[in-house]
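As a plain string of letters, each chain reads:
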8 protein chains.
Amino acid sequence: MLFKDYETIVFAGDSVTDMGSTLPVGDSPLWDALGNGYVREIDSMLNAFYPEVHVRVVNSGVNGNTSTEMLERWQRDVLDLNPDYVSLLIGGNDVWRQFDSPSYTGQHVLPDETEKSIRKMIEMTVSKVKKMFIISPYFMEPLKDDPMRARMDEYGAICKRLADEYGCEYVDFQGMYDEYFKYRHPASIAWDRMHPSRVGATLMAREFLSHCDFDMLHKPE
Amino acid sequence: MLFKDYETIVFAGDSVTDMGSTLPVGDSPLWDALGNGYVREIDSMLNAFYPEVHVRVVNSGVNGNTSTEMLERWQRDVLDLNPDYVSLLIGGNDVWRQFDSPSYTGQHVLPDETEKSIRKMIEMTVSKVKKMFIISPYFMEPLKDDPMRARMDEYGAICKRLADEYGCEYVDFQGMYDEYFKYRHPASIAWDRMHPSRVGATLMAREFLSHCDFDMLHKPE
Amino acid sequence: MLFKDYETIVFAGDSVTDMGSTLPVGDSPLWDALGNGYVREIDSMLNAFYPEVHVRVVNSGVNGNTSTEMLERWQRDVLDLNPDYVSLLIGGNDVWRQFDSPSYTGQHVLPDETEKSIRKMIEMTVSKVKKMFIISPYFMEPLKDDPMRARMDEYGAICKRLADEYGCEYVDFQGMYDEYFKYRHPASIAWDRMHPSRVGATLMAREFLSHCDFDMLHKPE
Amino acid sequence: MLFKDYETIVFAGDSVTDMGSTLPVGDSPLWDALGNGYVREIDSMLNAFYPEVHVRVVNSGVNGNTSTEMLERWQRDVLDLNPDYVSLLIGGNDVWRQFDSPSYTGQHVLPDETEKSIRKMIEMTVSKVKKMFIISPYFMEPLKDDPMRARMDEYGAICKRLADEYGCEYVDFQGMYDEYFKYRHPASIAWDRMHPSRVGATLMAREFLSHCDFDMLHKPE
Amino acid sequence: MLFKDYETIVFAGDSVTDMGSTLPVGDSPLWDALGNGYVREIDSMLNAFYPEVHVRVVNSGVNGNTSTEMLERWQRDVLDLNPDYVSLLIGGNDVWRQFDSPSYTGQHVLPDETEKSIRKMIEMTVSKVKKMFIISPYFMEPLKDDPMRARMDEYGAICKRLADEYGCEYVDFQGMYDEYFKYRHPASIAWDRMHPSRVGATLMAREFLSHCDFDMLHKPE
Amino acid sequence: MLFKDYETIVFAGDSVTDMGSTLPVGDSPLWDALGNGYVREIDSMLNAFYPEVHVRVVNSGVNGNTSTEMLERWQRDVLDLNPDYVSLLIGGNDVWRQFDSPSYTGQHVLPDETEKSIRKMIEMTVSKVKKMFIISPYFMEPLKDDPMRARMDEYGAICKRLADEYGCEYVDFQGMYDEYFKYRHPASIAWDRMHPSRVGATLMAREFLSHCDFDMLHKPE
Amino acid sequence: MLFKDYETIVFAGDSVTDMGSTLPVGDSPLWDALGNGYVREIDSMLNAFYPEVHVRVVNSGVNGNTSTEMLERWQRDVLDLNPDYVSLLIGGNDVWRQFDSPSYTGQHVLPDETEKSIRKMIEMTVSKVKKMFIISPYFMEPLKDDPMRARMDEYGAICKRLADEYGCEYVDFQGMYDEYFKYRHPASIAWDRMHPSRVGATLMAREFLSHCDFDMLHKPE
Amino acid sequence: MLFKDYETIVFAGDSVTDMGSTLPVGDSPLWDALGNGYVREIDSMLNAFYPEVHVRVVNSGVNGNTSTEMLERWQRDVLDLNPDYVSLLIGGNDVWRQFDSPSYTGQHVLPDETEKSIRKMIEMTVSKVKKMFIISPYFMEPLKDDPMRARMDEYGAICKRLADEYGCEYVDFQGMYDEYFKYRHPASIAWDRMHPSRVGATLMAREFLSHCDFDMLHKPE
């Protein structure tokens, strides 16, 4: 498996990452400090299936964060934690406000600014860690004609482009959900098409770990 | 205007009608008893713009109701209130559970049962009131390829067919929203695409009142 | 309509404006941040009836504010928001404390001070915005012999005089309510004769918008 | 003083009598069981100024009660308590609903019904007690042109007429407040013009006790 | 009556004065800001019986205050309010802690320190006000053999001596209660023998006002 | 020690026994079900010092109970639990209401009724258990001139007389407190002189156990 | 995979199964109705990894249930739900009370009674379902010298014996935990050694599903 | 007895000492300021059995403290209180985190650091007090093969060694519990094997006081 004994991975992001974790940073396995989303599921699978490896999982998600706000707290809430690995899932709110609050342009983060912020976060990080994961923001709408889905795809393309440019590992949650929605309707995962149920968290955890040489059937001998 | 002094209109339905009203029936203008949705907006417009006419507005919405459950409480929560007019908006949950809880078939209400229940409610009512309104259930998804939207349209068609058959007034909330979504994304009205914000409630109130010979500019002379 | 795409209007005032909005300033359409009074109704009508125009509505009301307190926070809570339009409804508490707390003269704001504060707020603002609205404070007591109503009329006259002097748009909520109370008793709008029910909010919104070339029947073609 | 050692007086009424007392009947001096209105003040003055006399004061007020509802619980909540004296203050809600909920006629209690109910309560009671007090319902509006005040006066007249007819003691709270409002505005007692502050409760207590041969200066020798 | 139009009286003290008033200073007649003890009763009697005189009553009691703590906040919470009259009731906690927390000597305030603090407060005040009232601390224990009662009497004697020395008005709550307990047991006023019920508050208010040329029977002509 | 392995002792009484235990009967050592008073302390000492003996302790105290109310629930809340030992501490409220609520005679339980009720409880019990304990009600007032203390002593004498008559074990909490108050003031145990602090609970537990051949120094060998 | 489209599996048990699910039966995927324990994880894995199969998962766990109490509600809470599969995990509380409440023998369920109850539940069920799972109760104490662990093993042996006798599928949670505790201390899963963290829930879900021909790597093609 | 009139003892530690006491320091016998653990029991026994001696007991426990964190607040929360005696019970969390959060090494306090911190606290203290007590940290696991118990014993040995080196009084809670668990299972004291029930608090109090020349049978003559 990718992660070695006593390494640290920090998951940075917005409410989709946070999901009730301790603010600003959930850095303990106790008292639901890691929240109830995909970060918790990843932690559960790591500890359940690889008990012989000790990985420190940290949840650095904060509700409502845009990429601009994520950048502002990057040093304090990510780098200062001395991670060996960093995962970044951001951009959802950059897009969402354009559609749920269209008159409040001060809350919209346009593609250029998003790209600039993510680029900056990568540059601050990539040389200091063993690997950086860039996760695509997603909208649980499989119909690509939906304007918010189309807009989200623009931001996902930025993420993919930057990941490639800097040699980060790109994790495609949007693509994973597109596959899933061939069988189930998005309402079964999230009424608001953003914040996943536990089923969604499990899907996201497995998808993420598939990029980490993680064996779902592993037991220590 | 359609409604005359001291007449009563009862709005029956599910959570979209209820929106925090007193349970099971909100029968007072005080203390938010009428909830915060389209029923409250209709009441506000009636009282604000036609103060010379006194209309008793009653909210008989209950969260989560399917058409089957609506029928079960029809006598007690609608007819026993001696309405002059009745409005029915039902069917949303009949469809929603098929998509957010696909494995729990016991919670699904299929078209035949929905039709039977609505027919029964109309037959119990139509001869006793001056007019009955049948409102289309809706899904705030303008893309008709979405399977839940497509399914909702089936139920809307049932409502329209029954309204025509029995001479009820058909109010097309789905069509009204389709027009609106040419200009705004559904996320601006409802993240879950079901429970309207106050903007949605205002839209729905104006649409309903447009079937009632109601003049938005009226002032008593 | 008066407001153009992506313009901002800030509504300043006391509890009648605030009505549960985010403090000190409600600057988002989400989570009831705009409160439940006339500001919310104006926002709802703007968004519901003119979806092709995007107007940013901001609620800058704070419970209990006198004109003195409003002036103190004017720069931060109004001008710093870069409004294109500003509306001011103040003075109610200046008067009310004279009648409900007659022995506590430190809480009374007398006409001279009120006039001086409103004049100052107008002068700080009028050259920076496209239009400033001055709304009359009101007391929902149609009998002009009532001493508090008589006193409130003095303050309303100050507002009208200043609006005329500086070319502001004067909106007469007191006159609008006087008309309404020919048909209904004040108790139907507010037991305390100050804080309007949703019916009152709807009345106030329509009155305000009648000064904005707003068409209640408008739909985008 | 009128009341003798170990006699019981029951105060019946609506929210003005109740004021937070234990429901349905506050029959203890402990834990605010007597509420915070005029009944509590009367109890305080009795116990403070006449410690050598032990009077059991019972609060049988229930929020929102009309005269119809008061009659329904008369046997259980008044007569079954074996009072030596009974006080009745009712009718406020009979009138109020006609003005704050004008479209909801089912909640209005018209003069004939009010008279019938009060007459019935008197007849059930008067021969069983040493004295029955009938208190006028009131509206804290000194201007008699106000339609709700005018209407309240009709109900006050009914109370006075019945008190005279049956030899009950009539206590004129409306008249007492009219005197008071020559010096203070109603807003100083009650924003809603119904539920008195502690100042109002003190006024009402002194007025009531002035019908009971009560000496405000009394100390036991 | 002693107090004239628009004069201010500040009541300073501990929890017996505070009784739920706004902290640190209750300076408004609204929203129970004056608490529920003797200060509130005095305010109620003043406003109810002398409506033609406007007296500003301020509650400057803070739970748990010893005389040492009272002195520390004297300038801010009493003198800065520009009183015409000041009342001080302190010392109860100085004594109580000696009996309920005998091992915690750091919380005990001994007679010398109490005397020094009260003297200091009088000296800071007496030349700036029309009259200063010194109220005796009390313990609702009529048996003078009780050691806490005996100790409290020492503190009361200090208060009386200082009042005499500086020409303050001495109000003897302990003596008043001693009279009352000839007829009733202390448990009827306070289980803890300190914090009075409303009956006690009424007793204390009448006692205090008897030092103010206040007529309980007064009505404005 | 008196109690043998797997025997049951039920403590019946009022709030002094209850002290937050599960209602009506605390029959588990978990989740504070035994409350926080002397019963809990007895349970703690039994389990801590005699771990080799398993005694089931049950708290059957209910707040506010008089002897009359205790008798009404005796069969259900005491005898039906199949105790080997029963302890009864009752009568405090019989007396207290005579002093804190002197006008409410319906709440007073006079000596004859108390004696009759306790006698009945003893007769229902004494032949079915190995031993019955009768504990004296007490008032934490060492001065016997206090009328409530004097009254409580009458009830204590009834308890002692009945205990002697029926061969019950009499436990004298009043006497134990009288001893204690030679060194400390009652305020150090209870401001209200009834409900003991944990210090009081410890005193009461040791006193009770001194009647049970319980060795405070015992350890299992 | 074992489960086919639209089949139902009911998980019966105590708090370990319940883990916050709706009471008495969590029969919906929405609103955390399935709780937060192993049942929820099984549901998440089923829906995440096999979206083409629709399995209705029902949580019928109730906190604190012993096998005796489980049997009492078996018909209503398990069989009446028409399951295709039933899983039973019971006995933990039968044992726990013997060690945390040793004096309260009425709460202990001894092996004979446990066996009788489980046998009865199996006999009521086994012929009506496609498969019944019997899960071993467990104690997260790997040291078999611990008397509670040893006792739990007796109950586990009963479960295994009955599973074999009736052809049920035996799932050995105790054995699975014993393996896990070779690498981690029990404190990492549960301070109380009973109620698993999410790591424990994930372990239990994988173990259970390994008996169901479930492929952790499955994706629908 | 060891403690003399008006001496102070401060109990420093983590959650086992804190048990709900006021934070950071519980320095009053009132309002549960001393918490509900062994400190409270010690205070209760001191006051109950030796009323003629006044000992100030202070609870300076803080939940979750490691020895490192205890050291950081030692000056402020222990020495600045001017104790005559100090008790220190620390180290439990140093060990626990190694087992319940094995991947989070930043939270582990290893033996060297623990020893250094405790040594520092002793050196800061021992010359300023009459006696310092060092209590062994403990784990309520009697089986010494358990790795967390074995680890805890290492820390206990450090404590003993340091106590001996500096002439402190060593109190062996681990040994006391080992004796107790010959008769009862740890689950009867604490499900989590750390935070004692009231039975455990009583055991710990008696054990501590046995080092203080305290006589459980003492009564003042």
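The coordinates are above.
Rules of the game
- Residues numbered from 1 in each chain as written.
- Chains lettered and ligands numbered in written order.
- Predicted model: local features only at pLDDT ≥ 70, side-chain atom pairs only at ≥ 80, totals over all residues.
- Heavy atoms only, no water.
- Contact = heavy atoms within 4.5 Å.
- Least-squares fit on C-alpha atoms with pLDDT ≥ 70 in both.
- Phe/Tyr/Trp six-rings, centres within 6.5 Å; stacked < 30°, edge-to-face > 60°.
- Helix = DSSP H or I, 4+ residues; strand = E, 2+ residues; numbered from the N terminus.
- Buried < 20%, exposed > 50% of the residue type's maximum accessible area, 1.4 Å probe, protein only.
- Lys NZ or Arg CZ within 6 Å of the ring centre and 35° of its normal.
- Buried area = accessible area lost by both parts, 1.4 Å probe.
- Salt bridge = Lys/Arg side-chain N within 4 Å of Asp/Glu carboxyl O.
- Polar contact = N/O pair within 3.5 Å; in protein donor to acceptor, adjacent residues only side chain to side chain.
- Nonpolar A, V, L, I, M, F, W, Y, C, P; charged D, E, K, R; others polar.
- Pairing = 2+ DSSP bridges.
- Axes fitted to C-alpha atoms, helices over the stretch in contact; angles between N-to-C directions.

**Q** How should the arrangement of the chains be read in this particular structure?
**A** At the level of C-alpha atoms, the two units chain A and chain E stay apart, their nearest approach being 32 Å. Nothing in chain E touches chain G; the tightest C-alpha to C-alpha distance between them is still 37 Å.

**Q** Explain the relation of the copies chain G and chain A here, please?
**A** The two chain copies are related to each other by a rotation about an axis together with a translation along it. Note on the identical chains: chain G maps onto chain A by a rotation of 180 degrees and an axial translation of 0.0 Å, with an RMSD of 0.0 Å. Here the symmetry operator amounts to a two-fold rotation axis. Relative to the rotation axis, the closest C-alpha in chain G is found at M216 of chain G, a distance of 3.1 Å. An overlap of 100% is found between the interface residues of chain G and their copies at the interface of chain A, pointing to a shared contact surface.

**Q** Help me understand the packing of aromatic side chains in this model?
**A** On inspection of all chains with the given rule, the structure shows 104 aromatic pairs over all chains. Aromatic pair Y50 of chain E and F214 of chain E: ring centres 4.9 Å apart, planes at 50 degrees, arrangement tilted. With Y50 of chain E in the loop between α2 (38–49) and β2 (55–61) and F214 of chain E in the segment after α9 (198–209), this residue pair connects regions lying 164 residues apart in the sequence. By the burial criterion, Y50 of chain E is buried, and F214 of chain E matches it. Both rings, one in Y177 of chain G and one in F181 of chain G, keep their centres 5.5 Å apart while their planes meet at 10 degrees; by these two values the pair is stacked. Accessibility expressed as a relative area gives 0% for Y177 of chain G, which makes it buried. Sitting above the plane of the F49 of chain B ring, R206 of chain C keeps its charged end 3.7 Å from the centroid.

**Q** I keep staring at the environment of G175 of chain G and nothing clicks. Help me out?
**A** All names here are of chain G. Residue placement: G175 occurs in helix α8 (residues 173–180). Residue G175 is classed as partly exposed on the basis of its relative accessible area, which comes to 23%. It is 8.8 Å that separates the C-alpha atoms of G175 and S136, two residues lying 39 residues apart in sequence.

**Q** How do you make sense of the interface of chain G and chain A when you look at a structure like this?
**A** Where interface size is given, it is often the accessible area lost as the parts come together that is meant. Facing the 32 residues of chain G at the interface are 32 residues of chain A. The contact between chain G and chain A buries some 2800 Å² in all, and 55% of this surface belongs to carbon and sulfur atoms. Looking only at chain G, the three residues that lose the most surface to chain A are Y183, R198 and R206 of chain G, adding up to 25% of its buried area. Taken together, the connections running from chain G to chain A amount to two salt bridges.

**Q** Could you clarify how one ought to interpret the interface of chain F and chain G in this entry?
**A** Of the residues lining the interface, twelve residues belong to chain F; the matching set on chain G comes to eight residues. When chain F packs against chain G, close to 730 Å² is buried across both sides, 59% of that on carbon and sulfur atoms. Its largest share of buried area at the contact with chain G, chain F owes to Y6, P29 and L30 of chain F, together 48% of the area lost on that side. Linking chain F to chain G there are zero salt bridges. At the boundary of chain F and chain G, one finds three residue pairs in polar contact (both at pLDDT 80 or more). Of all the elements in the fold, those that place two or more residues in the side of chain F that touches chain G are α2 (38–49) and β2 (55–61) of chain F. For the side of chain F that touches chain G, the element with the highest residue contribution is β2 of chain F, accounting for three residues. Among the residues forming the side of chain F that touches chain G, the class breakdown is six nonpolar, three polar and three charged.

**Q** Please explain the pairing of strand β3 (residues 85–89) of chain G as it appears in this structure.
**A** Look at any regular strand and the pattern is simple: side chains alternate between the two faces of the sheet. Residue and element names in this part refer to chain G. Of all five residues that make up β3, five are buried, and the element is covered over most of its length. Here β3 shows no split at all, with Y85, S87 and L89 on one side and V86 and L88 on the other all buried. Where strand β1 (residues 7–13) meets β3, five bridges bridge the pair, whose relative direction is parallel. The residue bridging A12 from the neighbouring strand is L88, located in β3.

**Q** Can you walk me through the relation of the copies chain F and chain G in this structure?
**A** When chain F is fitted to chain G, the residual RMSD is 0.0 Å, and the transformation amounts to a turn of 90 degrees plus an axial shift of 0.1 Å. Taken together, the rotation and translation relating the two chain copies correspond to the operation of a four-fold axis. Relative to the rotation axis, the closest C-alpha in chain F is found at L23 of chain F, a distance of 16 Å.

**Q** Can you walk me through the pattern of salt bridges in this structure?
**A** A pair can form between side chains of opposite charge whenever their charged atoms are brought close. All names here are of chain F. Counting across every chain of the model gives 160 salt bridges over all chains. Residues R119 and E165 are paired through a salt bridge, measuring 2.7 Å at the closest nitrogen-oxygen approach. Taken together, the residues R119 in helix α6 (residues 111–125) and E165 in helix α7 (residues 147–166) connect sequence positions 46 residues apart. With a relative accessible area of 23%, R119 lands in the partly exposed category.

**Q** What exactly am I supposed to notice about the sheet that holds strand β5 (residues 169–171) of chain F here?
**A** The strands that make up a sheet pair up through hydrogen bonds in the backbone, lying either parallel or antiparallel. All names here are of chain F. What the five strands build is an open sheet, ordered β2-β1-β3-β4-β5; its pairing is parallel. At either end of the open sheet lies a strand with only one pairing partner, and these are β2 and β5. The sheet shows a mean angle of 20 degrees between the axes of neighbouring strands, taken without regard to direction. With five bridges connecting them, strand β3 (residues 85–89) and strand β4 (residues 131–135) associate as parallel partners. Across the sheet, Y85 pairs through a bridge with K131, a residue of β4. Its contacts with the sheet put α2 on β1 (7–13), β2, β3 and β4, and the angle it makes with β2 is roughly 175 degrees.

**Q** I keep staring at the sheet that holds strand β1 (residues 7–13) of chain A and nothing clicks. Help me out?
**A** All names here are of chain A. The five strands lie next to each other as β2-β1-β3-β4-β5, forming an open sheet whose pairing is parallel. The strands lining the two open edges of the sheet, one partner per strand, are β2 (55–61) and β5 (169–171). Adjacent strand axes in the sheet meet at a mean angle of 20 degrees when their direction is disregarded. One ladder, built from seven bridges, connects β1 with β2; its direction is parallel. Paired with A12 across the two strands is S60, which belongs to β2. Against the sheet, helix α6 (residues 111–125) contacts β3 (85–89) and β4 (131–135), and its axis sits at roughly 165 degrees relative to β4.

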